[in-house]
Amino acid sequence: ECSDVANACYDGTDAVMLSGETANGCYFRQAVDIMVRTCSEAESSVNFDEMHQSVRNSVKARFQLSSSESLASSAVKTAVDVGAKAIIVYSESGTTARHVAKFRPGMPIAVLTPSQQVARQCFGTLKGCYAYVVNSLEEPEKLNAEVMRECR
């Protein structure tokens, strides 16, 4: 099961879970601890620049990138190239956050949204996303300053 978990991490999966047999066994807590260590170790060896290019090529081979996906892909590539510590996404619906997370930047994605529901969806299911509920997206400079303070 450890090799399955590691391979899932290398493939860029959003989440992993234990099989029913392992989760219901006598040592489920230890199994979860080992799974956490396996994920951490596997993710520490992922080349996120290659992961980004692989996901981009895969999407382009099957579909035409939407303008939002293209922008998200470019943002991730730029963030990787400049060694950014985080990507800040402003999103009312969560779509932009999903597109950025799809390209696996390898750094945290701070999602700022006025919607509690979008925040829960982004934080709970999108890899690398940390969602923050804000009153409004109307003053991006002010929000940027707040996020930068929080990230330090």
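Look a little higher up for the structure.
Here's a quick rundown of the structure.

Cut-offs used in this document
Residues numbered from 1 in each chain as written. Predicted model: local features only at pLDDT ≥ 70, side-chain atom pairs only at ≥ 80, totals over all residues. Heavy atoms only, no water. Helix = DSSP H or I, 4+ residues; strand = E, 2+ residues; numbered from the N terminus. Buried < 20%, exposed > 50% of the residue type's maximum accessible area, 1.4 Å probe, protein only. Areas by Shrake-Rupley, 256 points an atom, 1.4 Å probe, with all protein chains shown as cover. Lys, Arg positive; Asp, Glu negative; His and termini not counted. Charge placed at Lys NZ, Arg CZ, Asp CG, Glu CD. Pairing = 2+ DSSP bridges. Axes fitted to C-alpha atoms, helices over the stretch in contact; angles between N-to-C directions. Contact = heavy atoms within 4.5 Å. Patch = residues over 30% accessible without salt bridge, like charges linked within 9 Å, V, L, I, M, F, W, Y side chains within 5 Å. Salt bridge = Lys/Arg side-chain N within 4 Å of Asp/Glu carboxyl O. Parallel < 35°, antiparallel > 145°, perpendicular 65-115°, else oblique. Left-handed = near helix turned anticlockwise from the far one by under 90°. Nonpolar A, V, L, I, M, F, W, Y, C, P; charged D, E, K, R; others polar. Phe/Tyr/Trp six-rings, centres within 6.5 Å; stacked < 30°, edge-to-face > 60°.

Once that is clear, we can look at the overall build of the protein. A count of helices and strands for the protein gives eight helices and three strands. Based on the C-alpha atoms only, the size of the protein along its principal axes is roughly 50 × 35 × 30 Å. Burial status across the protein gives 32% buried among its 152 residues. When the accessible surface of the protein is split by element, carbon and sulfur atoms take 52% of a total near 9,700 Å². On the protein, the mean spot of the 15 positive side-chain charges and the mean spot of the 18 negative ones are 3 Å from each other.

If you trace the three strands from one edge of the open sheet to the other, you get β1-β2-β3, paired in parallel fashion. The sheet is open, and its two edges are formed by β1 (87-90) and β3 (129-133), each paired on a single side. Taking the axes of each pair of neighbouring strands and ignoring which way they run, one obtains an average angle of 25 degrees across the sheet. Sheet strands touched by helix α7 (residues 116-125): β2 (109-113) and β3. Its angle to β3, the strand with the most contacts, is close to 165 degrees.

Further remarks concern unusual backbone geometry. You will see that Arg 104, though not glycine, has its phi angle at about 50 degrees, which is positive. When you line up the elements, Arg 104 lands in the loop between α6 (95-102) and β2. Residue classification places Arg 104 among the buried positions, given a relative accessible area of 11%.

Turning our eyes to something else, we now look at a nonpolar patch on the surface. On the surface, Phe 123, Tyr 130 and Tyr 132 cluster together into a nonpolar patch covering about 340 Å² of accessible area. Following the sequence through the fold, Phe 123 ends up in helix α7. Exposure remark for Phe 123: the relative accessible area of 51% places this residue in the exposed category.

At a minimum axis distance of 9 Å, the contact between helix α1 (residues 2-10) and helix α3 (residues 28-44) shows a crossing angle of 40 degrees. Taken together, the axes of α1 and α3 lie oblique to each other. The interaxial crossing formed by α1 with α3 has right-handed handedness. On the side of α1, the interface is formed by Cys 2, Val 5, Ala 6, Cys 9 and Tyr 10, while α3 contributes Ile 34, Met 35, Thr 38, Cys 39, Ala 42 and Glu 43. The residue inventory of the contact of α1 with α3, partitioned by class, reads nine nonpolar, one polar and one charged.

The next thing to look at is the packing of aromatic side chains. Between two aromatic rings, the relevant description is the distance of the centres plus the angle of the planes. For the structure shown, the criterion picks out one aromatic pair. Geometrically, the ring pair formed by Phe 123 and Tyr 130 is tilted, given 5.9 Å between the ring centres and 55 degrees between the ring planes.

Distances and angles like these do not, on their own, reveal function.
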